[in-house]
Amino acid sequence: MARRRMIYEGKAKILYEGPEPGTLIQFFKDDTTAGNGEKHELIEGKGVLNNRLSEHFMTGLASIGVPTHFIKRLNMREQLVRAVEMIPLEVVVRNVAAGSMSKRLGIEEGTQLPRPIIEFYLKNDELNDPIVSEEHIIAFGWATQQDLDDMVSLGLRVNDFMSGMMMGVGIKLVDFKIEIGRVFEGDFQRLIVADEISPDSCRLWDVESGQKLDKDVFRRGLGDLSEAYTEVAKRLGVMPRQNGSSSGPKLVH
Ligand code: ADP
Ligand code: UDP
């Protein structure tokens, strides 16, 4: 059996060469990090949950015409995706003030924003992913004005779709991060949603109780992360078959 080629190992995922040119296999690890890797733990089953949840969100987006890198899930931890040329930016969309925005601007967490706000962060671990303006992005050539327009449009479409889907299961989509890449098709190129969409990259609050169901549970030491993610998966009807004690109904004798 041939050993497959590893392309990249990041904090939460590994990329392998895919079976055909222009494809990659994305492996979801259980590694969970916060503060740019300062806090690090293995949380059993997290990779399985994120693989399934990212598949669920990406296929939903594709069904409404939002292009994504997702091709198909291969197994519990891996999915086949289109290889893209990543734009070195994180696109954050916010509906409610939280996290770094609350800290930076002194706006209380939980404050509803008058409209969705989009921010760009430079993907650079050494610099701690600093926030950057559209001026910086264009001046330093990280993306063009057309790319920026397309990224804003993709961000807002993902926000509309994800907000609706989450609201349908009693969860408020507070904010999220997406990463976007470029694909080339003949003489044309276009931008598609890549990386992952999962509770690692979103803030999700239970509408009734305000309970956090996302990576803040880990970042802030609020309890059991895999329980929180399992709750999200359950509500969305996305339950992996093997996921610890709380997976699915049990036979009562
Ligand atoms: P990090 O690099 O921040 O530690 P991950 O562990 O999630 O994060 O690594 C996944 C890497 O794969 C990221 O750098 C991301 O930009 C990249 N990536 C995600 N999807 C694709 C894709 N379709 N094509 C190429 N690269 C991708
Ligand atoms: N986010 C992410 N990866 C990052 C930084 C942020 O997925 O490297 C997500 C985070 O989960 C949240 C949103 O982007 O849903 C906004 O994060 P924020 O800027 O508030 O940063 P934080 O304080 O969470 O580090």
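See the structure above.
Residues numbered from 1 in each chain as written. Chains lettered and ligands numbered in written order. Predicted model: local features only at pLDDT ≥ 70, side-chain atom pairs only at ≥ 80, totals over all residues. Heavy atoms only, no water.

Further remarks concern the pattern of salt bridges. Counted under the stated rule, the structure contains 27 salt bridges. A salt bridge links D195 to K13, with the nearest nitrogen and oxygen atoms 3.0 Å apart. Placement of the pair is D195 in the loop between strand 12 (188-194) and strand 13 (202-206) and K13 in strand 2 (residues 13-17), with a sequence separation of 182 residues. As far as burial versus exposure is concerned, D195 and K13 are alike and both buried. (Salt bridge = Lys/Arg side-chain N within 4 Å of Asp/Glu carboxyl O. Helix = DSSP H or I, 4+ residues; strand = E, 2+ residues; numbered from the N terminus. Buried < 20%, exposed > 50% of the residue type's maximum accessible area, 1.4 Å probe, protein only.)

Before going further, it helps to spend a moment on the site of ligand 2. In the vicinity of ligand 2, 16 residues are found, and the nearest of them are R94, S100, D175, R203 and R219. One of the side-chain nitrogen or oxygen atoms of D175 is found 2.6 Å away from an oxygen atom of ligand 2. Considered on its own, ligand 2 offers 500 Å² of accessible surface; in the complex 77% of this is hidden by protein. Of all the secondary structure elements, the ones that give two or more residues to the shell around ligand 2 are strand 8 (85-96), helix 2 (99-105), strand 11 (171-185) and strand 13. (Near = heavy atom within 4 Å. Polar contact = N/O pair within 3.5 Å; in protein donor to acceptor, adjacent residues only side chain to side chain. Areas by Shrake-Rupley, 256 points an atom, 1.4 Å probe, with all protein chains shown as cover.)

Take the sheet that holds strand 2 next. Taken together, the five strands give an open sheet; going across it, the order is 1-2-3-7-6, and neighbouring strands pair in antiparallel fashion. Only two strands of the sheet have a single neighbouring strand rather than two, namely strand 1 (6-9) and strand 6 (70-73). Taking each pair of neighbouring strands and ignoring which way they run, the sheet shows an average axis angle of 25°. Sheet topology note: the strand 6/strand 7 (residues 78-82) ladder contains three bridges and is antiparallel. (Pairing = 2+ DSSP bridges. Axes fitted to C-alpha atoms, helices over the stretch in contact; angles between N-to-C directions.)

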